[in-house]
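The lines below spell out each chain.
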Amino acid sequence: MSKLNIKALLPLLILSFAACTQQGSKIANWHSYSGDVVIEQKVDSVLSLMTLEEKIGQMNQYSANFAPTGEVADNQSGEYLKKGMIGSTFNAFGAENVRMLQEQNMKYSRLKIPMLFAADVIHGLETTFPIPLAEACSWDLDLMEQTARAAAEEATASGVAWNFAPMIDMSNDPRWGRVMEGAGEDVYLATLAARARVKGFQGISNYNDLSKGNTMIATAKHFVGYGAAQGGRDYHTTDISEHKLHETYFPPFKAVVEDGVGSFMTSFNDLNGVPATGNKYLFKDILRDAWGFNGLVVTDYTAIMELIPHGYAKDLKHAAQLSLDAGIDMDMISEAFVMHLKELVEEGSISENQIDVAVARILEMKFLLGLFEDPYRYCDVEREKQVIMNDEYVDLAHKAAQGSMVLLKNDNNVLPLKKDESKRVALIGPFINERESLNGEWAIKGDRDKSVTVKEGLDAKYAGSNVKFTYEKGTDLPLIDRSTEKVSDIEPSSRGFAKAIQTAKNSDVVLVAMGENYHWSGEAASRTDITLPGNQRELLKELKKTGKPIILVVFNGRPLDLSWEAENVDAIVEAWYPGLMAGHAVADIISGDYNPSAKLVMTFPRNVGQVPIFYNQKNTGRPFNDNAPADYRSNYIDVENTPLYSFGHGLSYTNFEYSNVVLNKSEFTKGGSIKASVEVTNTGKFDGEEIVQLYIQDIVASVTRPVKELKGFEKITLKKGESKVVEFTIDEETIEFIGLNNQPTVEAGDFNLWIGTSSDDESNHMKFSYK
Ligand code: NOJ
C-alpha cells in the first residue's frame, strides 16, 4: 500500500480505533457539546495524533476571497493551507467551489482533517428573505423558523454547514445600522425570535441534530452588548451594568444555550472596560461556567487583533494569550493564534491543555456534521441544483415579505387601491425601479438582479385593470462610498422634481417609494440623521403641494424619523428590505390582496434626539404624562414626548374590536395562575390577522420595573365579522424579573395589565395581585 493510500484511510482508521474503546474523553477540562461518548473518543484519538502546530492550525479561520479557480487568496491563507493549518474558512460558497477548497485542504492536511465552511447566512442564502428586523415584525415564530430552515437547506447544499447567525444583540438605538439584523427592542420577543431561528438552522425536531446533512451549526452573536454602542456608532464602547446585562442583554443568549446552540461569536465592543474578545467574565464565568455552554466560540472578524487598538493588549502575542485565556476557540482572520500560540505554550504562558480543549470543541463539530466520514458531504452539485431557490422557498420569501410590512398610517382608507376602480396613479421616487437595494446589506448570495422591483410588482398585479400607472423617478438615492466611508459630496439633484410634480398633477393618487440605499443600513452604517436621505423629503414636500393623496412606501433597515411624512402623507407602508419578492409583496399590500398584519418591534422616534426611545422605559420620579403639569417633568420641551410610532403598532385594512377583557380571578399565589381572556372581533370589511398583545407593569418592586413589559402575544386570523377569544396565562414566570442579586426573582405585589393592539393601547386595563 502506498503512503498516500494510508493517508487517505486515516480518518477511517481513527474512527474504527475510537469505536473499539469504551470510555469518554481523556482531555482534562473538556466537556463535550454532544455528550456523546463515541464522539468524545473520536475527538480524543484525533487529538492524540496531532502535533501542537496542527492543533493550532485548527483554531485558525480565514475568509475565502477565492477566485473562480477556487484559490484561497488573502493573508497567509495559501501558506497555511499548504501546511494543513486552516481549521475553517468562511465566505466560500457553491458545492463545486467548496469541494475544490476542501480537496486542497485534504491534500495538505497530514491527518486528513476536514475544513469547516462557514458563512453569514443572515436572511437566506440565494432565496433572500426579508431582513431579520422586518421578519420579526411578523411576530410569527413559525415563519422565522421556516425561513431559517430554508436558509440552512440552501447553505448546506452549497457547501456551508456553519452559520454566523442569528444575530441576537439587543438594541434600542436606530442610529446603529445593525438593528436591521436583530429582532427589535423587546427582550421577550427577541428571545423567542432567537430560539426560532436557532431551531430553524440547527434542525426542526432536535436542536442538536447536526448530523442530517441539511442542518447547520447556528452562532449566537455577538456576545455581548454590541447593540449598546455609544451614540449608535458601530464598534463603539459599551458600558452596561451587570444587572442590565442579566435583564436585557443576556437572555436571548442564555435561552439559545439552553436550546443547544452550537457556537458563539464574540462582539467587537469594549464592555465595561474589557473588550469582549478578551473578556473572561463573559466567556468563562458566564457562558461556560454559569450557563454550561460546551460549544465552539469564534471571534468576530480580526477581533483578537483589535485588542491592541482597544488598549487592552500590548501586541498580537499578548492579544492571543488574553483571548485564549478568556475561553475563545477560534481566531477569525487575526492570525494571532496561528502566529503566537506555539511560542506561548513553549514559554509556559499558556498550557497545551487549553489548546487541546479548544481544538476538541472544533473537532467535535466536524464529527457531528459528518465531515470526517465525508468531507464533501455538503458538496453535492445535484442536491444544490434541486434545493437552491426552489419554488417552495420562493413562495416562502413572498409570504415572509407580505407578513413583514407594517402599515403605519392609512388616512381615509386611501389604501388599498382596488384593481376594479379606475384610477391614474403616479409612481414616483427612487425605490419604484430600485432593484439592488431590495435585499438589504446582508444578502450574502442573494442575486440582486433577481429581486422584483415595486414597478414590476405593480405592473404584474394591475395588468388589464383600470388602474393606470405613470412613472417619474423624481430624484436619486444618495450613495455612500464604503471605501472612504465618506458621504458622497454629490447630493442628488432636484432636476427631476418638475417632471415628477407634473406627473403627480396628472394623477388621482401618488404612490411614492423612497428609503435608504442598502449600504446605509447594516454593519458600519451608523447614522446621526435618520430622516429619509438626500432630498427625498424635499421632493415629498413638493408633491404635497399638488394636493393629491400620497401613499408612501419606505424601504430601510432601521426605524426612521418620519415625522414630517406622518403628518403630511395619507398612508405609509413600512416595507423594510423585503428581499427577493419585494415588489410582489408591495403590490399585494397596495392592492389589498394581502391585508397588512405586521407590527413594529422597534419604536419610531419623532426625531433622532429622542433616541433611545423605547416602550419599556422606566417611569422616573417625575414622569411626564398628560395629566400632570409639564414643568419640571422628565420630558423634552421641544418635541412631543411620545414616540411617532410605538412598539407593537401596525394597522390593518380591517378593524379589530377588543371586548370582554376578563381575569378569572384577581390574585394568585405561589404555584398558581390567572387566566386573562379577551374577545377580539373583526368588525371591518376585510378578513385579517391581528397580533393580540399582553403587557404588565409591576407597580412596586425591589428593582424598579418598566412602565410596561410585553409578556405574551398571539397572532390570530379573523374573517369579516368573526370573533375569537384569546387567553393568556399569568403565572410566576410572567411576573419574574431580575433581582438586585442578578437572579430571577418573584415578589408579592400589585400589577397593571393591558391586553391590546399595541404597546400604547391603554384601553383594556386591569389589575391583579400576587400574594
Ligand atoms: C463581521 C461581523 O460583525 C460578523 O457579524 C460577521 O459574522 C463577520 N464579520 C464575518 O462576516
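All values reported here derive from a predicted model rather than from experimental measurement. (Residues numbered from 1 in each chain as written. Predicted model: local features only at pLDDT ≥ 70, side-chain atom pairs only at ≥ 80, totals over all residues. Heavy atoms only, no water.)

What to know about the sheet that holds strand β21 (residues 674–682)
Hydrogen bonds along the backbone pair up the strands of a sheet, which may run parallel or antiparallel.
(1) Moving on: Spatially, 3 strands are ordered β19-β21-β24 in an open sheet, and the strand pairing comes out antiparallel. Bordering the open sheet on either side are β19 (656–663) and β24 (723–730), each of which pairs with just one other strand. Each adjacent strand pair in this sheet contributes to an overall mean axis angle of 20°, direction not counted.
(2) Moving on: With 8 bridges joining them, β21 and β24 adopt antiparallel strand pairing. Paired with T681 across the two strands is S723, which belongs to β24. (Pairing = 2+ DSSP bridges. Helix = DSSP H or I, 4+ residues; strand = E, 2+ residues; numbered from the N terminus. Axes fitted to C-alpha atoms, helices over the stretch in contact; angles between N-to-C directions.)

Considering the packing of aromatic side chains
(1) Moving on: In total, this model carries 29 aromatic pairs according to the counting rule given.
(2) Moving on: Each ring, one from W139 and one from F713, has its centre 5.1 Å from the other, and the planes form 90°; the classification is edge-to-face. Here the residue W139 occupies a position in the loop between α6 (132–136) and α7 (141–157), and F713 occupies one in strand β23 (residues 709–718), the gap between them amounting to 574 residues. The same class applies to W139 as to F713, namely buried.
(3) Moving on: Cluster of aromatic residues (ring-pair linked, three or more members): F223, F250, F253, F264, F283, W291 and F293. (Phe/Tyr/Trp six-rings, centres within 6.5 Å; stacked < 30°, edge-to-face > 60°. Buried < 20%, exposed > 50% of the residue type's maximum accessible area, 1.4 Å probe, protein only.)

Considering the domain arrangement of the chain
(1) Moving on: Splitting the chain by domain gives domain 1 (6–384), domain 2 (393–600) and domain 3 (656–770).
(2) Moving on: The C-alpha centroid of domain 2 is placed 37 Å from the C-alpha centroid of domain 1.
(3) Moving on: On the side of domain 2, 39 residues touch domain 1, which itself brings 39 residues to the contact.
(4) Moving on: The interface formed by domain 1 and domain 2 holds 2 salt bridges in total.
(5) Moving on: Among the salt bridges present, the one from R178 reaches E523, with a minimum N-O distance of 3.6 Å.
(6) Moving on: At the level of secondary structure, the elements contributing two or more residues to the side of domain 1 that touches domain 2 comprise α6 and α7.
(7) Moving on: Tallying contributions element by element places α7 first for the side of domain 1 that touches domain 2, with 6 residues.
(8) Moving on: Across the side of domain 1 that touches domain 2, the residue classes break down as 19 nonpolar, 10 polar and 10 charged. (Domains from an automatic or database assignment. Contact = heavy atoms within 4.5 Å. Salt bridge = Lys/Arg side-chain N within 4 Å of Asp/Glu carboxyl O. Nonpolar A, V, L, I, M, F, W, Y, C, P; charged D, E, K, R; others polar.)

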